[in-house]
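# Coordinate analysis (summary)
Chain residues, written in single-letter form:
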Amino acid sequence: MRAGLALLTVLPGLAGVPAPGAAQSALAHYDLEAPPAWVAELPVALAEISGLAVTEDGRLYAHGDEQAAVFRFDLKTRRVTERFGLAGRRRVLAGDFEGIEVVDDRVFLVASDGTIYEGRLAGDGTLVEAVRRTAGLGGGCEVEGMTWDARTRSLLVLCKQVRSKQWKDQVVILAVSADDWRFERKPRILVSEERLAAVTGSKGFNGSAIARHPRTGTFLLVAGPQRTFAEIDGSGRVLGGGKLGRSLHRQPEGLAVTPDLTLLISDEAGGKAATLTAYAYRP
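Numbering of residues starts from 1 in every chain and runs along the sequence as written. In keeping with the model being predicted, local features are shown solely for residues with a pLDDT of at least 70 and side-chain atom pairs are shown and tallied solely at 80 or more, while totals for entire chains, interfaces and linings include all residues. Each side-chain value is derived from all of the structure's non-hydrogen atoms; neither hydrogens nor water enter the calculation.

## Quick look at the environment of Ile232
The topology assignment puts Ile232 in strand 19 (residues 228-232). Each C-alpha atom of the pair Ile232 and Leu248 lies 24 Å from the other, and the pair is 16 residues apart in sequence. By definition, any uninterrupted DSSP run of H or I lasting at least four residues is a helix, any uninterrupted run of E lasting at least two residues is a strand, and each is numbered from the N terminus.

## Topic: the side chain of Gln226
As for its position among the elements, Gln226 is in the loop between strand 18 (219-223) and strand 19. Throughout this description, buried means an accessible area under 20% of the type-specific maximum (1.4 Å probe, protein chains only), exposed means over 50%, and partly exposed covers the range between. The exposure class of Gln226 is buried, given its relative accessible area of 15%. Polar contact criterion, stated in full: a pair of N or O atoms within 3.5 Å, where within protein one must be able to donate a hydrogen and the other to accept it, and residues adjacent in sequence count only if both atoms are side-chain atoms. A polar contact is formed between the side chain of Gln226 and the side chain of Asn206, at a distance of 2.7 Å.

## Observations regarding the sheet that holds strand 8 (residues 97-103)
Between any two strands, at least two bridges found by DSSP are needed for them to pair. Spatially, four strands are ordered 8-9-10-12 in an open sheet, and the strand pairing comes out antiparallel. Of all the strands in the sheet, the pair left with one neighbour each is strand 8 and strand 12 (131-132). Strand direction decides the pairing type here: strand 9 (residues 106-111) and strand 10 (residues 116-120), joined by five bridges, are antiparallel. Within strand 10, the residue paired with Leu109 across the bridge is Tyr117.

## What to know about a negative patch on the surface
Put simply, a patch holds well-exposed residues, over 30% relative accessible area, that have no salt bridge, with like charges counted together within 9 Å and Val, Leu, Ile, Met, Phe, Trp or Tyr side chains within 5 Å. Surface exposure here means Shrake-Rupley accessible area, sampled with a 1.4 Å probe, where a residue is shielded only by the protein chains that are shown. For this analysis, a salt bridge means a side-chain nitrogen from Lys or Arg found within 4 Å of a carboxyl oxygen belonging to Asp or Glu. Neither His nor the chain ends is counted toward charge; the positive residues are Lys and Arg and the negative residues Asp and Glu. The location of each charge is read from NZ of Lys, CZ of Arg, CG of Asp or CD of Glu. Together, Glu48, Glu66, Asp96 and Asp113 make up a region of like negative charge exposed at the surface. Inspection of the secondary structure puts Glu48 in the loop between strand 2 (38-41) and strand 3 (51-54). Glu48 sits in the partly exposed class, given a relative accessible area of 35%.

Pasting the structure below:
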């Protein structure tokens, strides 16, 4: 697909409200209204944290929104332990970065215009040469979030703002193949904002993060401006959702699920300190 789109959805927050008849719901196993398992303050370098990604062996990576600097966060010590950068011409790339995904040893960052860069996971203090994989979406969508779909070997990108009348009042998620780096001509998933409002209690859904739950295969979405979250399946059916508490989630921007199914939500500083909040999975 050429210039013009972008898509994705986000979710996590507080206690989810399952939709009628929802099966295989991930939200049913989290109580987001109860006190979280833990909250960690993040360093100043991550004050504008934009995205989270977890590897299969449980390593957590995060990034800010002005440079392609990637931070490793140790979930045991709850501290940042390493930092490396995706670079061009021996300098860390600058841009409006809004999402991260890690696939094996490959790391992907997406900018708000849909441009995707690929590099490799690296050690502390390393600069890694980045490859630009897509040319962007030409302003049709403002991207803010990305996740991996292993079944189709595609990156899915979440659209925070859509400028096409064709998709008015819908949350759009687009797919780009990791084999030929072409965006699919049609959105992979469309979600009615009206149906989202029925579970979030909030008008509109400006997605800021998306993550695929490893147990259910459903997608969790979070909308920073509304401080709401939702869960959808691959067809766009809304499974549940809710509103995030202001005291813990001033500006939710990132979402990830660890191998032990802990749900992580990152929030920008918003005048205080950026935070990472963990919600335990309940069998």
